[in-house]
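These are the residues of each chain, in order.
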Amino acid sequence: MSRSTSGGPDATGPDPTGSDHAGDPTTGNDVPLPRIIRAMAVIERVGNALPHPFWLFWILAAILGVASAIMAGLDVSVVSPSDGETVVVRNLFSGEGMAMALSTMIDNFAAFPPMATIVAVIMGVAVAERSGFLSSLMRVSVSRVPTGWVVFAVAFAGTMSHVASAAAYIILVPLGGLAFRAVGRSPILGVVVAYTAIASGYDASPIPTPNDAIFAGITTAAAQVVDPGAFVSPLSNWYFNIASSVVLATVITVITKFVLAKRPDLDPDPDADLENIGSLHLSDAERSGLRRALVALVLALIVLIAIVVPQGSPLRGEDGGLAESPLLTGVGALVALLFGLVGIVYGHRVGTIDKPGDVPALMVQGIKQMAPVLVLFFAIAQFLAYFDWTHIGDVIAVRAAEALQTSGIPVVVLFLFILVLLSLINIIITSGSAMWAICAPVLVPMLMLIDVPAETTQALFRIADSGSTAITPMSPYFVMALGFLQQYRKSAGIGTLASYTLPLAIGMTVVWTLLFLAWWALGVPLGPGAPVR
């Protein structure tokens, strides 16, 4: 799910701006902070001036209408490389355009590619989350590791926690502090590691998440501008995500050990109430429920494999392969069923699910939590439909592709330019789905026309969508993490947290980019049926 669509929960604890320091939100200790940290205050003010993403897309639609009227008046057109037909820009403010906008509004929303998939996935994930399964899984994943592995364990758990969407921050960030404190390390460092792993590794989950369905749907719609039959699976970046999660957890471990652990300001306040912050302990019922749920998951996967393995399996494609098969096209439903299964088994054991009627009630709670995203989807769906109808995206993509082909710019240099641009945008527009909805209609077709698959562009976007998130105060979860940090140090401010997360965010982005470039150079598939080039 997108990280931020309508603000976020208030941080608990003292004033998150660190008002103990003359009201300067960029301070939190007496050590002068880097200029980039102080610039966060400026970025925050700029970001706060932006409208809610819902209104942002309607404003963009109005700008699109003006641009389409001008370009249509100038008879702007291109020759489509897919079929050789001339594509002319159409005026959204014309009578035909206004009729289209009104008559297709409901259909645009209903047919928005991520809509049905994300709703189905969320219902399954909600059962696993609300039953307590995901919380117990995170707690046990960071509590049963040797002292020397606690940093890697918390960091890797952070990359896996995204199946719980926003709940990952609520559950794992305080658990990071507890895990570090349990092995005699600084709980402040534990909070920082957990938050940064979630925020700057948000799109690197080795387990399929709701975000995978959202991004794949938007990428599919963008790719169909060039190839009407294009389909991008939610698992299209799965192999890359698995490798990324391990690499990023390793980067966090190394930087924490050799950089952050050397800081002199890692001790909690002497009067911090450490006894009431929480516990990693699981009850006997929770441990039993977790075991039963994991056994049920393994058995379900064994049955699935047994069905898929035979060459004549109904879950394979017409050619007997898996690239274009019912298994991949229905992966959203499969993910929902597996999460629902483990949630039901766990909930039945611990008592959070007593009767069959409790299951749909948990699903409803998940849909309620998703309501702000559905509202945003309505605006996004209209903007994308208008963008497609005007053909402005076709013109920009074709003209840009032609310019790139004649310029001789190496594709790797183009990748780096796009990565930097998207990373800067991400500091202000922290909603991943909103940013991708704006950028995908141009970037995906443009790169497809120079033989870069849509799945590859999406993988590049994942890096930019995650890397700078841990340092931007525009993310509501930044403020939430600051609240958890202030439970250990009351004087901590925005600058305090940003100064901790900055080395991690930079290191993760640099290494993740190098991993992507190596993946591209080696030609390793990004996921099932998803070649990198």
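Just so you know, these numbers come straight off a predicted model, no measurement behind them.

Engineer: An account of helix H14 (residues 331-350) is requested, with residue identities and associated values reported.
Structural biologist: Taking 1.5 Å of rise per residue, 20 residues should cover 28 Å, and H14 covers 29 Å from first to last C-alpha, within 8% of that figure. Along H14, the residues classified as buried are Val331, Gly332, Val335, Ala336, Leu338, Phe339, Gly340, Val342, Gly343, Tyr346 and Gly347. Looking at the residues trailing H14, positive phi occurs at glycine 351, about 95°.

Engineer: Talk me through the environment of tyrosine 386; I want residue IDs and the actual numbers.
Structural biologist: Within the secondary structure, tyrosine 386 is located in helix H15 (residues 358-390). The exposure class assigned to tyrosine 386 is buried, which follows from its relative accessible area of 5%. Along the sequence, tyrosine 386 and leucine 92 sit 294 residues apart, while their C-alpha atoms lie 7.3 Å from each other. Residues within four places of tyrosine 386 in sequence aside, it is in contact with Trp58, Ala61, Leu64, Leu92, Met100, Ala101, Met105 and Asn108.

Engineer: Explain the pattern of salt bridges to me, using residue names and the numbers behind them.
Structural biologist: Per the counting criterion, the structure on display carries four salt bridges. A salt bridge links aspartate 284 to arginine 287, with the shortest nitrogen-to-oxygen separation between them at 2.2 Å. With aspartate 284 and arginine 287 both in helix H12 (residues 284-308), this residue pair falls three residues apart, about one helical turn. You can call aspartate 284 exposed: its relative accessible area is 55%. A salt bridge links aspartate 358 to lysine 355, with the nearest nitrogen and oxygen atoms 3.1 Å apart.

What counts and what doesn't
Residues numbered from 1 in each chain as written. Predicted model: local features only at pLDDT ≥ 70, side-chain atom pairs only at ≥ 80, totals over all residues. Heavy atoms only, no water. Helix = DSSP H or I, 4+ residues; strand = E, 2+ residues; numbered from the N terminus. Expected span 1.5 Å × (residues − 1). Buried < 20%, exposed > 50% of the residue type's maximum accessible area, 1.4 Å probe, protein only. Contact = heavy atoms within 4.5 Å. Salt bridge = Lys/Arg side-chain N within 4 Å of Asp/Glu carboxyl O.

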